[in-house]
Amino acid sequence: MQNRDGLLLVVSGPAGVGKGTINGLMLERHSDIRMSVSVTTRKPRPGEIEGVHYFYRSEEEFLDMAKRGKFLEYMHVFGSHYYGTPRSFVESELSCGRSVMLEIDVQGALKVKSSFPDALLVFIAPPSMSQLKSRLIGRGTETPEQIERRSATAFEELRHISSFDYVIVNDVIDAAVSRFEAILRAERCRVSRNSDFIESIQKGVQ
Ligand code: 5GP
(Lines give C-alpha, C1' and ligand atoms only; values in the text may rest on other atoms or scores of the structure.)
Protein backbone atom coordinates (compact mmCIF):
# COMPACT_ATOMS: atom_id res chain seq x y z
CA MET A 1 0.00 0.00 0.00
CA GLN A 2 1.10 3.60 -0.64
CA ASN A 3 3.06 4.97 2.30
CA ARG A 4 0.97 6.84 4.91
CA ASP A 5 3.72 7.35 7.53
CA GLY A 6 3.89 10.70 9.27
CA LEU A 7 5.91 13.46 7.65
CA LEU A 8 7.82 16.15 9.47
CA LEU A 9 6.86 19.39 7.71
CA VAL A 10 9.00 22.39 8.54
CA VAL A 11 7.56 25.64 7.23
CA SER A 12 9.56 28.86 7.15
CA GLY A 13 9.30 32.16 5.39
CA PRO A 14 9.47 35.86 6.15
CA ALA A 15 7.13 37.50 8.68
CA GLY A 16 3.94 38.62 6.94
CA VAL A 17 4.19 36.13 4.07
CA GLY A 18 1.03 34.28 5.12
CA LYS A 19 2.57 31.14 6.64
CA GLY A 20 0.01 31.13 9.45
CA THR A 21 -2.95 31.31 7.04
CA ILE A 22 -1.59 28.58 4.76
CA ASN A 23 -0.70 26.31 7.68
CA GLY A 24 -4.09 26.93 9.31
CA LEU A 25 -5.89 25.82 6.14
CA MET A 26 -3.64 22.77 5.83
CA LEU A 27 -4.50 21.77 9.40
CA GLU A 28 -8.22 22.28 8.78
CA ARG A 29 -8.16 20.14 5.66
CA HIS A 30 -5.80 17.42 6.89
CA SER A 31 -6.77 16.04 10.28
CA ASP A 32 -3.71 13.76 10.27
CA ILE A 33 -1.36 16.76 10.56
CA ARG A 34 -0.59 18.10 14.07
CA MET A 35 0.88 21.52 14.71
CA SER A 36 3.81 21.72 17.09
CA VAL A 37 3.40 24.56 19.59
CA SER A 38 6.71 26.30 20.32
CA VAL A 39 7.91 27.72 23.61
CA THR A 40 8.81 31.42 23.63
CA THR A 41 10.02 34.05 26.05
CA ARG A 42 8.16 36.84 24.24
CA LYS A 43 4.92 38.26 25.63
CA PRO A 44 1.63 37.16 24.05
CA ARG A 45 0.22 39.53 21.39
CA PRO A 46 -3.45 40.50 21.75
CA GLY A 47 -5.59 37.46 20.96
CA GLU A 48 -2.80 34.93 21.40
CA ILE A 49 -3.53 32.01 23.72
CA GLU A 50 -1.19 29.99 25.95
CA GLY A 51 -0.76 26.49 24.54
CA VAL A 52 -2.38 27.41 21.21
CA HIS A 53 -0.03 29.97 19.68
CA TYR A 54 2.90 29.40 22.01
CA PHE A 55 3.79 28.25 25.50
CA TYR A 56 4.90 31.54 27.10
CA ARG A 57 7.75 31.08 29.57
CA SER A 58 10.28 33.24 31.41
CA GLU A 59 13.84 33.33 30.13
CA GLU A 60 14.95 31.41 33.20
CA GLU A 61 12.41 28.62 32.60
CA PHE A 62 13.30 28.51 28.90
CA LEU A 63 17.04 28.19 29.52
CA ASP A 64 16.41 25.48 32.10
CA MET A 65 14.38 23.49 29.52
CA ALA A 66 17.17 24.00 26.99
CA LYS A 67 19.74 22.71 29.47
CA ARG A 68 17.62 19.59 30.03
CA GLY A 69 17.55 18.84 26.28
CA LYS A 70 13.80 19.54 25.96
CA PHE A 71 14.14 21.27 22.58
CA LEU A 72 14.62 19.78 19.14
CA GLU A 73 16.09 23.15 18.25
CA TYR A 74 15.95 26.60 19.74
CA MET A 75 16.88 30.06 18.64
CA HIS A 76 17.39 33.55 19.86
CA VAL A 77 15.32 35.37 17.22
CA PHE A 78 15.44 39.10 16.40
CA GLY A 79 18.08 39.60 19.08
CA SER A 80 15.61 39.69 21.96
CA HIS A 81 13.54 36.55 22.57
CA TYR A 82 14.00 32.80 22.66
CA TYR A 83 11.88 30.37 20.64
CA GLY A 84 12.14 26.57 20.82
CA THR A 85 10.49 23.45 19.43
CA PRO A 86 9.53 20.93 22.15
CA ARG A 87 11.23 17.65 21.30
CA SER A 88 8.85 15.17 22.98
CA PHE A 89 5.70 16.23 21.06
CA VAL A 90 7.39 15.92 17.66
CA GLU A 91 9.00 12.58 18.44
CA SER A 92 5.89 11.00 19.96
CA GLU A 93 3.54 12.11 17.15
CA LEU A 94 5.93 10.89 14.45
CA SER A 95 6.36 7.55 16.21
CA CYS A 96 2.54 7.16 16.17
CA GLY A 97 2.57 7.71 12.40
CA ARG A 98 1.10 11.23 12.48
CA SER A 99 2.52 14.16 10.53
CA VAL A 100 3.83 17.15 12.44
CA MET A 101 4.09 20.70 11.18
CA LEU A 102 6.60 23.21 12.57
CA GLU A 103 6.37 26.90 11.78
CA ILE A 104 9.85 28.12 12.66
CA ASP A 105 12.56 30.42 11.39
CA VAL A 106 15.04 29.48 8.68
CA GLN A 107 17.97 28.75 11.02
CA GLY A 108 15.73 26.50 13.14
CA ALA A 109 14.54 24.67 10.00
CA LEU A 110 18.13 23.97 8.97
CA LYS A 111 18.91 22.63 12.46
CA VAL A 112 15.88 20.32 12.33
CA LYS A 113 17.04 18.99 8.95
CA SER A 114 20.42 18.11 10.40
CA SER A 115 18.85 15.91 13.09
CA PHE A 116 15.89 14.69 10.93
CA PRO A 117 17.25 14.43 7.35
CA ASP A 118 13.81 13.11 6.30
CA ALA A 119 12.13 16.39 7.31
CA LEU A 120 10.57 18.35 4.47
CA LEU A 121 11.70 21.96 4.46
CA VAL A 122 9.09 24.19 2.83
CA PHE A 123 9.78 27.87 2.24
CA ILE A 124 6.81 30.20 1.75
CA ALA A 125 7.91 33.11 -0.43
CA PRO A 126 6.11 36.36 -1.22
CA PRO A 127 5.43 37.16 -4.90
CA SER A 128 7.67 40.21 -4.40
CA MET A 129 9.43 42.04 -1.58
CA SER A 130 7.28 45.14 -2.06
CA GLN A 131 4.12 43.05 -1.53
CA LEU A 132 5.63 41.60 1.62
CA LYS A 133 6.30 45.04 3.08
CA SER A 134 2.75 46.20 2.34
CA ARG A 135 1.39 43.09 4.08
CA LEU A 136 3.52 43.78 7.17
CA ILE A 137 2.28 47.37 7.30
CA GLY A 138 -1.33 46.24 6.78
CA ARG A 139 -1.08 43.73 9.62
CA GLY A 140 -0.68 46.65 12.01
CA THR A 141 0.95 44.61 14.78
CA GLU A 142 4.49 45.95 14.37
CA THR A 143 6.05 49.36 14.86
CA PRO A 144 7.79 51.02 11.85
CA GLU A 145 11.19 50.04 13.35
CA GLN A 146 10.06 46.42 13.71
CA ILE A 147 8.83 46.45 10.10
CA GLU A 148 12.22 47.68 8.89
CA ARG A 149 13.98 45.05 10.97
CA ARG A 150 11.66 42.29 9.72
CA SER A 151 12.17 43.36 6.08
CA ALA A 152 15.93 43.20 6.55
CA THR A 153 15.55 39.75 8.17
CA ALA A 154 13.39 38.67 5.22
CA PHE A 155 16.19 39.47 2.76
CA GLU A 156 18.58 37.48 4.95
CA GLU A 157 16.12 34.52 5.05
CA LEU A 158 15.69 34.50 1.25
CA ARG A 159 19.40 33.72 0.95
CA HIS A 160 18.78 30.29 2.48
CA ILE A 161 16.03 29.09 0.11
CA SER A 162 18.53 26.88 -1.72
CA SER A 163 18.87 24.71 1.42
CA PHE A 164 15.10 24.04 1.43
CA ASP A 165 13.33 21.19 -0.36
CA TYR A 166 10.40 23.23 -1.72
CA VAL A 167 9.39 26.83 -2.29
CA ILE A 168 5.71 27.86 -2.41
CA VAL A 169 4.94 31.34 -3.71
CA ASN A 170 1.99 32.75 -1.79
CA ASP A 171 0.35 34.75 -4.58
CA VAL A 172 -3.21 33.45 -4.10
CA ILE A 173 -3.89 31.63 -0.85
CA ASP A 174 -5.87 28.70 -2.34
CA ALA A 175 -3.21 28.16 -5.00
CA ALA A 176 -0.50 28.15 -2.33
CA VAL A 177 -2.43 25.59 -0.26
CA SER A 178 -2.97 23.31 -3.25
CA ARG A 179 0.77 23.50 -4.03
CA PHE A 180 1.44 22.39 -0.48
CA GLU A 181 -1.03 19.49 -0.87
CA ALA A 182 0.67 18.47 -4.11
CA ILE A 183 4.01 18.35 -2.28
CA LEU A 184 2.56 16.00 0.35
CA ARG A 185 1.04 13.72 -2.30
CA ALA A 186 4.32 13.57 -4.22
CA GLU A 187 6.37 12.94 -1.07
CA ARG A 188 4.22 9.93 -0.17
CA CYS A 189 5.05 8.50 -3.62
CA ARG A 190 8.81 8.81 -3.12
CA VAL A 191 10.55 5.48 -3.73
CA SER A 192 12.58 5.94 -0.53
CA ARG A 193 9.36 6.30 1.51
CA ASN A 194 7.84 3.12 0.05
CA SER A 195 10.64 0.61 0.55
CA ASP A 196 8.54 -1.95 2.49
CA PHE A 197 5.89 -2.03 -0.22
CA ILE A 198 8.51 -2.19 -2.99
CA GLU A 199 10.30 -5.07 -1.29
CA SER A 200 7.06 -6.98 -0.90
CA ILE A 201 6.05 -6.68 -4.56
CA GLN A 202 9.58 -7.50 -5.66
CA LYS A 203 9.38 -10.71 -3.59
CA GLY A 204 5.95 -11.44 -5.01
CA VAL A 205 4.35 -11.25 -1.53
CA GLN A 206 1.73 -8.78 -2.76
P1 5GP B 1 6.55 35.66 16.13
O2 5GP B 1 7.18 36.37 17.30
O3 5GP B 1 6.14 36.59 15.03
O4 5GP B 1 5.45 34.71 16.56
O5 5GP B 1 7.70 34.72 15.52
C6 5GP B 1 8.94 35.23 15.18
C7 5GP B 1 9.75 34.19 14.43
O8 5GP B 1 10.09 33.08 15.26
C9 5GP B 1 9.03 33.60 13.22
O10 5GP B 1 9.93 33.53 12.12
C11 5GP B 1 8.69 32.20 13.69
O12 5GP B 1 8.56 31.29 12.62
C13 5GP B 1 9.88 31.89 14.55
N14 5GP B 1 9.65 30.79 15.49
C15 5GP B 1 8.51 30.50 16.16
N16 5GP B 1 8.68 29.41 16.91
C17 5GP B 1 9.95 28.99 16.70
C18 5GP B 1 10.72 27.88 17.18
O19 5GP B 1 10.27 27.03 17.96
N20 5GP B 1 12.00 27.79 16.74
C21 5GP B 1 12.54 28.69 15.87
N22 5GP B 1 13.79 28.48 15.48
N23 5GP B 1 11.86 29.72 15.40
C24 5GP B 1 10.57 29.88 15.80
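Just above, that's the structure.
Attention here is on the structure that accompanies the text. The structure presented is a predicted model; accordingly, all values stated were derived computationally and were not measured.

For the rest of this paragraph, the subject is the sheet that holds strand β7 (residues 99-103). Strand order in this open sheet of five strands is β2-β7-β1-β8-β9, and the pairing throughout is parallel. Every other strand in the sheet has two partners, leaving β2 (33-35) and β9 (166-169) as the edge strands with one partner each. Neighbour to neighbour, the strand axes of the sheet diverge by 25° on average, direction disregarded. Strand direction decides the pairing type here: strand β1 (residues 8-12) and β7, joined by four bridges, are parallel. Paired with Val 10 across the bridge in β7 is Leu 102. Against the sheet, helix α3 (residues 87-95) makes contact with β1, β2 and β7, and its axis sits at roughly 150° relative to β7, the strand it touches most.

Considering all chains together, one arrives at 20 salt bridges under this definition. With its nearest N and O atoms 3.4 Å apart, the salt bridge here joins Arg 87 to Glu 91. Of the two residues, Arg 87 and Glu 91 are both situated in helix α3; the distance of four residues between them amounts to about one turn of the helix. On the accessibility criterion, Arg 87 (30% relative accessible area) is partly exposed. Taken together, the salt bridges that share partners define one network made up of Asp 118, Glu 187, Arg 190 and Arg 193.

A few words now on the pairing of strand β6 (residues 81-86). Counting buried residues in β6 gives five out of six residues, a clear majority hidden from the surface. Looking at chain direction, strand β3 (residues 39-40) and β6 are connected through two bridges and run antiparallel. Looking across to β6, one finds that Val 39 is bridged to Gly 84. Examined bridge by bridge, strand β5 (residues 71-77) and β6 share six bridges and lie antiparallel to one another. Of the residues in β6, the one forming a bridge with Tyr 74 is Gly 84.

Bringing the site of the ligand into the picture now. What surrounds the ligand is a group of 15 residues, the closest being Ser 38, Arg 42, Tyr 54, Glu 73 and Tyr 83. The side chain of Arg 42 places a nitrogen or oxygen atom 2.7 Å from an oxygen atom of the ligand. The set of elements that each furnish at least two residues to the shell around the ligand consists of β5 and β6. With three residues, β6 is the largest single contributor of residues to the shell around the ligand. Of the residues assigned to the shell around the ligand, the class counts are five nonpolar, four polar and six charged.

Here is what the cut-offs are and how they apply
- Residues numbered from 1 in each chain as written.
- Predicted model: local features only at pLDDT ≥ 70, side-chain atom pairs only at ≥ 80, totals over all residues.
- Heavy atoms only, no water.
- Pairing = 2+ DSSP bridges.
- Helix = DSSP H or I, 4+ residues; strand = E, 2+ residues; numbered from the N terminus.
- Axes fitted to C-alpha atoms, helices over the stretch in contact; angles between N-to-C directions.
- Contact = heavy atoms within 4.5 Å.
- Salt bridge = Lys/Arg side-chain N within 4 Å of Asp/Glu carboxyl O.
- Buried < 20%, exposed > 50% of the residue type's maximum accessible area, 1.4 Å probe, protein only.
- Near = heavy atom within 4 Å.
- Polar contact = N/O pair within 3.5 Å; in protein donor to acceptor, adjacent residues only side chain to side chain.
- Nonpolar A, V, L, I, M, F, W, Y, C, P; charged D, E, K, R; others polar.

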